[in-house]
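Architecture at a glance
Here's the letter readout for the chains.
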Amino acid sequence: MSVAPKREDYDVVVIGAGPAGLAAAATSAEAGLSTLLLDENIGPGGQVFRAISSTPVTDRNRLGADYWVGADLVQSLRASSAEVIHRATVWSLDRNLDIAVSIGGASAFVKAKRVILATGALERPFPIPGWTLPGVMTAGAAQTMLKSSALVPDGRTVIAGQGPLLWLLAAQILRLGGRIDRILDTTERGNYFAALPHALAFLTSPYFTKGLSMMREVKAKVQVVSGVTELSASGEGQLASVSYVAGGRRESIPADLLLLHQGVVPNVNLAMSADIKHQWDDLQLCWSPVLDANGNSSVAGIAIAGDGAGIGGANAAVVRGRIAARAAVETLAPAAAAKLPAMATLRSELAKAERGRVFLDTLFRPSQQFRIPTGDTIVCRCEEVTAKDVLESVAIGATGPNQLKAYRRTGMGPCQGRLCGLTVTELMAQARGKNPQEIGYYRLRAPVKPITLAELAAVPKTEDDVKAVVRG
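Below: a short report on this structure. (Residues numbered from 1 in each chain as written. Predicted model: local features only at pLDDT ≥ 70, side-chain atom pairs only at ≥ 80, totals over all residues. Heavy atoms only, no water.)

Section: the overall build of the protein chain
We apply this condition: To qualify as a helix, a DSSP run of H or I must reach at least 4 residues; to qualify as a strand, a run of E must reach at least 2; elements of each kind are numbered from the N terminus. Taken over C-alpha atoms, the radius of gyration is set against a globule rule of 2.2 Å times the number of residues to the power 0.38. Burial classes: relative accessible area under 20% of the type maximum marks a residue as buried, over 50% as exposed, and values in between as partly exposed (1.4 Å probe, protein chains only). Contacts are residue-level and defined by heavy atoms, with any inter-residue pair within 4.5 Å sufficient. For every accessible area listed, the method is Shrake-Rupley and the probe measures 1.4 Å; residues are considered covered only by the protein chains on display. In this count, Lys and Arg are taken as positive residues and Asp and Glu as negative ones, while His and the chain termini are left out. All charge positions are set by atom: Lys at NZ, Arg at CZ, Asp at CG, Glu at CD.
The secondary structure content of the protein chain amounts to 18 helices and 21 strands. Here the protein chain has a C-alpha radius of gyration of 23 Å; the compact-globule value for 472 residues is 23 Å, and the two agree. Principal-axis analysis of the C-alpha atoms places the extent of the protein chain at approximately 65 × 55 × 40 Å. By the burial criterion, 55% of the 472 residues in the protein chain qualify as buried. Of the contacts formed within the protein chain by residues at least 6 apart in sequence, a portion of 68% connects residues at least 24 apart. On the protein chain, roughly 20600 Å² of surface is accessible, and the fraction owed to carbon and sulfur atoms is 52%. Computing the positive centroid from 49 side-chain charges and the negative centroid from 42, the protein chain places the two 2 Å apart.

Topic: helix α11 (residues 343–354)
As a reminder, the rule being used: Working rule for helices: expected span equals 1.5 Å times residues minus one. To obtain the arc, one takes the directions from the helix axis to the C-beta atoms.
Between its first and last C-alpha, α11 extends 16 Å over 12 residues, near the 16 Å set by a 1.5 Å rise per residue. Considered for burial, the residues of α11 that qualify are Met 343, Leu 346, Leu 350 and Ala 353. The buried residues of α11 occupy one face: seen down the axis, they fall within an arc of 80°. For α11, exposure combined with an orientation more than 90 degrees from the buried face picks out Ala 344 and Lys 352. Looking one or two places after α11, you find Gly 356, whose phi comes out positive at around 90°.

Some details on the pattern of salt bridges
Cut-off, in case you're wondering: Just to be clear on terms, a salt bridge is a Lys or Arg side-chain nitrogen sitting within 4 Å of an Asp or Glu carboxyl oxygen.
According to the stated counting rule, one finds 20 salt bridges in the structure shown. Between Glu 230 and Arg 250 there is a salt bridge whose closest N-O contact spans 2.6 Å. Residue Glu 230 is found in strand β12 (residues 228–234), and its partner Arg 250 is found in strand β14 (residues 249–254); the two are separated by 20 residues along the sequence. The salt bridge involving Arg 408 is made with Asp 389; its shortest N-O contact spans 3.9 Å. Of the two residues, Arg 408 sits in helix α14 (residues 401–408) while Asp 389 sits in helix α13 (residues 387–395), which places them 19 residues apart along the sequence. One network of salt bridges, with partners in common, ties together Arg 182, Arg 249 and Glu 251.

Description of the side chain of Ser 243
Defined as follows: Distance and chemistry together define a polar contact, namely a pair of N or O atoms within 3.5 Å, with one atom able to donate a hydrogen and the other to accept it when in protein, and with adjacent residues in sequence counting only for side-chain atoms on both sides.
Relative to the helices and strands, Ser 243 resides in strand β13 (residues 241–246). On the basis of relative accessibility, which here comes to 13%, the residue Ser 243 falls in the buried class. At 3.0 Å, the side chain of Ser 243 and the side chain of Arg 250 are in polar contact. Every residue in contact with Ser 243, bar those within four places of it in the chain, is listed here: Glu 230, Leu 231, Ser 232, Arg 250, Glu 251 and Ser 252.

Some thoughts on the sheet that holds β13
Definition in use: When DSSP finds two or more bridges between a pair of strands, those strands are recorded as paired. Note on geometry: axes are C-alpha line fits, over the in-contact stretch for helices, and angles between N-to-C directions span 0 to 180 degrees.
Taken together, the 3 strands give an open sheet; going across it, the order is β12-β13-β14, and neighbouring strands pair in antiparallel fashion. For this open sheet the edge positions go to β12 and β14, each flanked by a neighbour on one side alone. Neighbour to neighbour, the strand axes of the sheet diverge by 15° on average, direction disregarded. Bridge analysis of β13 against β14 gives 6 bridges, and the strand direction is antiparallel. Its bridge partner lying in β14, Val 242 is registered against Ile 253.

In structure tokens, the structure reads:
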């Protein structure tokens, strides 16, 4: 693996080494294009295949067969000519396809003829009372520790929320000997009826038998409470209990660890900073980039693949990565495209991988009360801004997320809006009687990830740069 880019320009630069990025980089390199893969993690895999090359969990049954698909992707990448740099944080991408990346505390700059963004997904914010207490984590964070270090809960543990990842994590924790005291399922009862028209596609998809088996495995060992309509965490400086309402009845249970999850959403910050057009997805309740069939965005030369293009799961992400890479090859080296699977074949594979997705999106569409908080519930964790603060700002003139920055500094902390952006958009839309598309999202600019002033100061400067700030 490289520690710095070997050259200043590449045919294809892929950003993100999850399922889509691994597949895209290997495909591009196989066709003979100079390819650079940049990823900010210590090793390849993204979240889905995290620590695939280093996990201490060697019994393949513990993490499930789907996880180990990542090992084949990594092997294909390493067998290719693609240049790979880990611990590389991309903090700027512009319309000219100039990329700024932080590696080991220093910035490097590369130019691409084509960029494939494979930045994956983030967990959807789950703003409930007490969600900032120590002892409250996301399911994804718990899964990271499980895959990377084989760490599982041994104290009183509650998992709350909904979605495939929740059940997968629960199964993995139990297989590794971890403790789960209760699962609080927040799936709305009405969602089951809404999802029925899409049930046939789901029943014939790869998701059905795997999901059913996993849920049965978990329910045989853990008490599952369905129809949860209210949820809160409490404690003095540390999580002590979880309170919930189900079936009109409130119960409070002691807990040392609460794991929250209500699905994932595209990680759009880098794409938005490059001025790529996005639109509000009313089914998945998030922002998604506007793309053509090959994953090409509204900015020439930039494609988006994987869950960053819209949530579709790991299998779909792999195929989307190959489609985006093949499209790049067709543009830059048409003759080399003959080495790759036909686009029609890839589109057929994608349709198969996405079958049943609408059913899942409809069934696990999160409830309003778990997306749009009220009162003193924290919305922006970085700046400790509450739902009440946001509503008060709207009342005195804040019209959207960018105006709210001036009133409350929301989205201006270290996470740069990743943990509050969707909540702020929906909360302000509700307060102003508008839809999220009309309210909009934070205006994102470089650097899209925190870097030090020293690193910025060390950025190479041209003579024009110096003249712009120095007299004489």
